[in-house]
Amino acid sequence: MDRARNLSLLQELTGRFGVSGFEEDVRGFLEARLAELGFATSLDKLGSLIARYPGSGRRVMLVAHMDEIGMVVRYVDERGFLYLTPVGGVNARVLPGSRLLVKTDSGLLEGVVGEKPVHRMKEEERRRAPEIEELFVDLGLPAERVRGLVRPGDPVGFKPSFYATDSGLVASKALDDRLGCLTLLLVAEQAPSLQLSADLYLVFSAREEIGLEGARTAAFVVKPDVAVAVDVTHAGDTPALGEREAPVKVGAGPVISRGAALDSGVTRALVEAAQAAGVSYQLEGEGGRTGTDIDAVRLVGEGVRVGVVSLPLRYMHTPSEVGSVGDAESAAKLLAEFLVRGVR
């Protein structure tokens, strides 16, 4: 695969604003790209993008969420400072000093998260993590102008900052789950040349970070026989997490989940597809829930046979998540082989 082009595509994906419930910019880019590849696209009522490539056989749905964590404006004070409430699992520890974008009806505004200087903090304040409600956003604009531009409910996200190493690792916001979106796009590019054993649906779900909502409604539309989520998972290859807590590594290949909530036949087919495609893969054990869109999809209708393919990620839910484009490329090869071989 063309690594330089795939890095550029991932930078394009992560650079777009897509806080949960406000995914329009990401969705528009994906929809145009998929139309060029010959997919018929539609939206469900929550804004998930559904792209179909007709084929014979079972309906197979691959799903990656296009939304990202963020915040919304809760309050604008008399001096023009903004106060926020989280959308999804935002870690307030990483916010002070961060540069954010506020999406208003008039366009994007850039601001900085402020808090009390460390020189003025009491000892107990230094030792504890800040509460997000205590922090504020400074737009550097006159109060009257801020109050004329910003309203409660306006979404707020991290400002894009993309960095790639020579080894194919990348640092960026929103790799959760634009790495998964990249994987599905790479599968879409292969679809015309594959002898598909399935009627293929690629779903780019909305609102995953606030309760797996878009995947659930999209599954009601698609009515899949088989579904596979492509999401990220915690890597244990840094001092932050050990292998016992997270026994997978960034750059060592995609991760196939095994466990109680997943269909053993789908999981077996994913492993066999990886082996047939010559893809290095890792295994991860799951209990009752996977923390992915599959937790919602598998309970739609009469039930859906499901599997999970994950991409290892460091520093999840921060402005600088770290992952591997190579893992996404390998996951796309695995899934393409899976779509050809089918599920018994």
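Structural data are supplied above this passage.
All of the points below concern the structure found in this document. (Residues numbered from 1 in each chain as written. Predicted model: local features only at pLDDT ≥ 70, side-chain atom pairs only at ≥ 80, totals over all residues. Heavy atoms only, no water.)

1. What about the pattern of salt bridges?
Then, in step 1: Tallied over the entire structure, the rule returns 22 salt bridges.
Then, in step 2: One salt bridge in this structure joins E12 and R16, with 2.6 Å as the shortest N-O distance.
Then, in step 3: When the shortest N-O distance is used, the salt bridge between R99 and E110 registers 2.8 Å. Here R99 is found in strand β6 (residues 99-104), whereas its partner E110 is found in strand β7 (residues 107-114), with 11 residues between them in sequence.
Then, in step 4: Taking relative accessible area as the criterion, R99 reaches 45% and is therefore assigned partly exposed.
Then, in step 5: By relative accessible area, which is 34% here, E110 ends up partly exposed.
Then, in step 6: A network of salt bridges, in which partner residues are shared, links R5, R33 and E189. (Salt bridge = Lys/Arg side-chain N within 4 Å of Asp/Glu carboxyl O. Helix = DSSP H or I, 4+ residues; strand = E, 2+ residues; numbered from the N terminus. Buried < 20%, exposed > 50% of the residue type's maximum accessible area, 1.4 Å probe, protein only.)

2. Examining the sheet that holds strand β10 (residues 163-164)
Then, in step 1: Taken in spatial order, the three strands line up as β10-β11-β17 in an open sheet, and their pairing is antiparallel. Unpaired on one side and paired on the other, β10 and β17 (321-324) mark the two borders of the sheet.
Then, in step 2: Of the pairings in the sheet, the one linking strand β11 (residues 169-172) to β17 comprises four bridges and is antiparallel in character. When the bridges of β17 are listed, L169 appears paired with S324.
Then, in step 3: Along the sheet, helix α9 (residues 325-341) contacts β11 and β17; its crossing angle with β17, the most-contacted strand, is approximately 50°. (Pairing = 2+ DSSP bridges. Contact = heavy atoms within 4.5 Å. Axes fitted to C-alpha atoms, helices over the stretch in contact; angles between N-to-C directions.)

In short, shape yes, function no, at least from these values alone.
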